[in-house]
Amino acid sequence: MSADREYMTRALALAEKGLYSTDPNPRVGAVIVKDGQIIGEGYHVQAGTPHAEVHALQQAGAAARGATCYVTLEPCSHFGRTPPCADALVKAGVARVVVAMEDPNPLVSGQGIARLRQAGIQVEVGLLAEKAAALNPGFISRMRRGRPWVRLKLAASVDGRTALANGASQWITGPEARADVHHLRARSSAIVTGIGTVLADDPQLNPRLDEPLPRQPWRVILDRELRTPVQARLFQTPGPVMICHAAGASRLHKAVLQELGADLEQLPESQGALDLTAFWHLLNSHEMNEVLVEAGPTLAGALIMGGWVDELVLYLAPKLLGPDALPLARLPVFEELSQVPQFRLQDCRMLGNDARLIMTTGHQ
Ligand code: AOF
Ligand code: ZN
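The shown structure was predicted, so the numbers you read here are calculated from the model rather than taken from an experiment.

### Focus on the UniProt feature "domain: CMP/dCMP-type deaminase" (unreviewed entry) in the chain
Per the UniProt annotation, the sites labelled "domain: CMP/dCMP-type deaminase" (unreviewed entry) are residues 2-124. Across residues 2-124, the secondary structure splits into 32% helix and 20% strand, with the terminal C-alpha atoms separated by 15 Å.

The structure is reproduced here in structure tokens:
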């Protein structure tokens, strides 16, 4: 591996340390190198606190003069919650900056790089860009498309069934797959489910990991008629709750749920369900980057058919539940193979006695 790749790989690993904490900001890492030695390292920990480059510059001190900075995202050029990193790099006298990818934030995009070049710094862009983008699918999606990155998690038997016809079995997969889901939850801005799942399973939907978490994701329920019970376990576990309902929901029930701390949001309806375009718009306005959907077949089917699913994470248990068991997603009857939803397989691995498939639709 070339030295540049090696240092950028280190910067990517540093960025990943912010996986559970930077929201709504992106995960970013930086390394400063001089004479073949790392003299400063840093990553963005939390919105409102210094950016990755600032930590790395602080560590490098005066030695940063003439050094190379490797950073996974274009240094910012704007005054946000913190001052511009591009200015800090110029001031420190860095000679060269290697950037993995441009910042998709319209407040920055390209201007940070231009600022560095104007100051006579040698700038290279694009090294390990795909890996850098993979760190921040949600932030990139929100900036470029104005909506979160939607990750649908499904767990099923190998014949694609999620529960017996009588509803038995909340979890078909084993402990390793379950633990993996908690990592997915922890990196998400929100976990979304439908009222059917709340009534059937009474889930908590919060990440439960061995390590303490810096931030609790939202739990969001699509609950058109506002049927969420006040005793739901969602209210007994840490993390904010948002309930989306249609007009006409009982004022009294609304007040009671608000009393429990829930944020109630009214959405328009379309075809007898909450309007999904308005829903994603709402989540985007709350600066939600990655959203994990853990839902039953109705919502899963609606999201797939609506083209909302960017990534599908499918856990498959080596079991057969039979044709009368519940399906993964409620889908229409297709007449032609060209009409069926299709994904691109990105990753496939074993987790204990289960398999995990990651698929995407390839748009970002
Ligand atoms: C960087 N390095 O480590 C991060 C960057 O409100 P602020 O000041 O924290 O700015 C947030 C924006 O800065 C964010 O939307 C993204 O464009 C950029 N994030 N930039 O140079 C970093 N986290
Ligand atoms: Zn910055």
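### With respect to the sheet that holds strand β6 (residues 149-157)
Here 9 strands make up an open sheet; going across it, the order is β11-β10-β9-β8-β14-β6-β15-β18-β17 and the pairing mixed. The open sheet has two edge strands with one neighbour each: β11 (263-266) and β17 (344-351). Ignoring which end each strand starts from, the neighbouring axes of this sheet average 20 degrees apart. Taken together, the 7 bridges between β6 and strand β15 (residues 311-317) define a ladder with parallel strand orientation. When the bridges of β15 are listed, Leu152 appears paired with Leu312.

### Remarks on the site of ligand 1
In the region of ligand 1, 18 residues are neighbours, and Val28, His51, Gly80, Arg81 and Asn105 sit closest. A per-class count over the shell around ligand 1 returns 9 nonpolar, 6 polar and 3 charged.

### A short note on unusual backbone geometry
Residue Pro24 is bonded to the preceding Asp23 through a cis peptide linkage, with omega at 0 degrees. Along the chain, Pro24 turns up in the loop between α1 (3-16) and β1 (29-34). A positive phi is found at Asp35, a non-glycine position, where the angle reads about 50 degrees. Residue position: Asp35 is located in the loop between β1 and β2 (37-43). A tally of 8 C-beta atoms within 10 Å means that Asp35 is categorised as exposed. Even without glycine at this site, Leu205 takes up a positive phi of about 60 degrees.

Conventions adopted
- Per chain, residues are indexed from 1 in the order of the written sequence.
- As a convention, the first chain written is A and the first ligand written is 1, with the rest following in written order.
- It should be noted that, the model being predicted, local features are given only for residues of pLDDT at least 70 and side-chain atom pairs only at 80 or more, the latter also being counted only at that level, while totals for whole chains, interfaces and linings use all residues.
- UniProt positions are given in the numbering used here, feature names are shortened, and annotations may be inferred rather than shown by experiment.
- For the purposes of this entry, the term helix denotes a DSSP run of H or I that reaches at least four residues, the term strand denotes a run of E that reaches at least two, and both are numbered from the N terminus.
- Strands are labelled as partners when DSSP assigns at least two bridges between them.
- Lines are fitted to the C-alpha atoms to define the axes, a helix being fitted only along its stretch in contact, and any angle between axes, read from their N-to-C directions, falls within 0 to 180 degrees.
- Each residue receives a C-beta atom built from its backbone; the residue is near a molecule or strand if that atom lies within 6 Å of it.
- Any residue that is not Ala, Val, Leu, Ile, Met, Phe, Trp, Tyr, Cys, Pro, Asp, Glu, Lys or Arg is counted as polar, Gly included; the first ten are nonpolar and the last four charged.
- Buried residues are those with 20 or more other C-beta atoms within 10 Å of their own C-beta, exposed residues have 12 or fewer, and partly exposed residues lie in between; C-beta atoms are placed from the backbone.

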